[in-house]
Amino acid sequence: MPYDSYPFELEPLPYKYDAMEPYIDSETMYYHHDKHYRTYIDNLNAALEPHPNLQELTLEQLLTWTRFLPQDTYTKIMQNGGGVYNHSLFFKCLAPPEEEERTPSGTLLADIIETYGSFTGFKRAFYTEALKVFGSGWTYLVYTRQGKLKIINLKNQETPLQLKARPVLAVDVWEHAYYLKYKSARSEYLHALWELLTYPVK
Ligand code: MN
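Residues numbered from 1 in each chain as written. Predicted model: local features only at pLDDT ≥ 70, side-chain atom pairs only at ≥ 80, totals over all residues. Heavy atoms only, no water.

Chemist: Help me understand the environment of Pro104, please; the structure alone is not making it clear to me.
Modeler: Tracing the backbone through its elements, the reader meets Pro104 in the loop between helix H3 (71–92) and helix H4 (106–116). Separated by 96 residues in sequence, Pro104 and Pro200 place their C-alpha atoms 9.5 Å apart. Dropping the residues within four chain positions of it, Pro104 is found in contact with Leu109, Ile112, Phe119 and Tyr199. (Helix = DSSP H or I, 4+ residues; strand = E, 2+ residues; numbered from the N terminus. Contact = heavy atoms within 4.5 Å.)

Chemist: Just to check I follow, could you spell out the pairing of strand S2 (residues 149–155) for this structure?
Modeler: Every regular strand shows the same layout, with side chains that alternate between the two sheet faces. Examined bridge by bridge, strand S1 (residues 137–143) and S2 share seven bridges and lie antiparallel to one another. Along S2, the bridge assignment pairs Val142 with Lys150. The hairpin turn running from S1 into S2, its antiparallel successor, is five residues long, and Gly147 in that turn takes a positive phi close to 80°. (Pairing = 2+ DSSP bridges.)

Chemist: When you look at the packing of aromatic side chains in this model, what are you seeing that I'm missing?
Modeler: Two numbers describe a pair of aromatic rings. These are the distance of the centres and the angle of the planes. The full count for this structure, using the stated rule, is 15 aromatic pairs. A centroid spacing of 5.8 Å and a plane angle of 75° characterise the contact between Phe126 and Trp194, whose relative ring orientation is edge-to-face. Separated by 68 residues along the polypeptide, Phe126 in helix H5 (residues 119–132) and Trp194 in the segment after helix H7 (186–193) bring together distant segments of the chain. Among the residues examined, Phe126 registers a relative accessible area of 2% and is labelled buried. Judged by relative accessible area, Trp194 falls into the buried class, the value being 12%. When the ring of Tyr178 is compared with that of Tyr189, the centres are 4.9 Å apart and the planes differ by 25°; the resulting orientation is stacked. Taken together, the residues Tyr178 in the loop between strand S3 (166–172) and helix H6 (179–182) and Tyr189 in helix H7 connect sequence positions 11 residues apart. Each of the two residues, Tyr178 as well as Tyr189, counts as buried. A network of ring pairs unites the aromatic residues Tyr37, Phe90, Phe91, Trp138 and Tyr140 as a single cluster. The ring of Tyr182 has Lys181 sitting right over it, with the charged end atom 5.7 Å from the ring centre. (Phe/Tyr/Trp six-rings, centres within 6.5 Å; stacked < 30°, edge-to-face > 60°. Buried < 20%, exposed > 50% of the residue type's maximum accessible area, 1.4 Å probe, protein only. Lys NZ or Arg CZ within 6 Å of the ring centre and 35° of its normal.)

Chemist: I keep staring at the sheet that holds S3 and nothing clicks. Help me out?
Modeler: Sheet strands pair via backbone hydrogen bonds, and the direction of the pair is either parallel or antiparallel. Pairing is antiparallel in the open sheet, where three strands are placed in the order S2-S1-S3. In the strand order of this sheet, the two ends are held by S2 and S3, each with one partner. Across the sheet, the mean angle separating the axes of adjacent strands is 25° when strand polarity is ignored. As paired elements, S1 and S3 share six bridges and run antiparallel to each other. Across the sheet, Tyr143 pairs through a bridge with Arg166, a residue of S3. Docked against the sheet, H3 engages S1 and S3, running at close to 85° with respect to S3. Lying on the sheet, H4 is in contact with S1, S2 and S3; it crosses S2 at an angle near 85°. (Axes fitted to C-alpha atoms, helices over the stretch in contact; angles between N-to-C directions.)

Chemist: Got a minute to help me understand H7 in this structure?
Modeler: For an α-helix, 3.6 residues make a turn, and residues three or four places apart therefore share a direction. Residues of H7 that are buried: Arg186, Tyr189, Leu190, Ala192 and Leu193. Along the axis of H7, the buried residues cluster in a sector spanning 165°; they form a single face. If you follow the buried residues of H7, they end up packed against H3, H5, S3 and H6. (Arc of directions from axis to C-beta.)

Chemist: What is the right way to read the pairing of S1 from this model?
Modeler: Burial runs high along S1: seven of the seven residues are buried. Neither face of S1 is open: one carries Gly137, Thr139, Leu141 and Tyr143, the other Trp138, Tyr140 and Val142, and all of them are buried.

Chemist: I keep staring at the pattern of salt bridges and nothing clicks. Help me out?
Modeler: Pairs can form between side chains of opposite charge once their charged atoms are near each other. Within this structure, the stated rule accounts for four salt bridges. Across the pair Lys132 and Glu129 runs a salt bridge, and its minimum N-O distance is 2.7 Å. Here Lys132 pairs with Glu129, and both are found in helix H5, just three residues apart, close to one helical turn. With relative accessibility at 53%, the residue Lys132 sits in the exposed group. Taking the relative accessible area as the measure of exposure, Glu129 reaches 22% and is therefore partly exposed. (Salt bridge = Lys/Arg side-chain N within 4 Å of Asp/Glu carboxyl O.)

None of the figures reported here should be taken as evidence of function without further support.
The following block contains the structure:
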């Protein structure tokens, strides 16, 4: 996959910068994608540049086979590789707003109803967890190794791969994801996101 190994490239947005208006403004989308996301890519490439053996690994392998990472670059690779992984998924979890509420389908919807009672119950639980992130981080819906749905909070650029969990939905709760429009009101950003969130991982 072209965006999955060294040298990593900036994966283009699958929509225009203004596609999520008015819920996410185009300036935020531009800075988030072209500046923040790109910085993780540039820093990951710089960390891998002196390590030809690591350049053979995919992003998932780098973040999972952590015993192969040299001590002096471990933190750089985990932080920046995590940033690349999380953002790549986050931008795919957004789709332009529609008139009807967008809900998951199939097995995922059935698992959500079994675990949270209803889609509304899931949204409430996800929102509550996302508000708890202290400082910078992510809220994810994942399937655990036991195949159960779970909402987890991750610090900074940790990824679900470190927990051997399979991601379903990634939500960026770093301030840069919402500050230009919502200022400190993370709750308003989280409410608005339901107009956009989609479920790319089946
Ligand atoms: Mn971000």
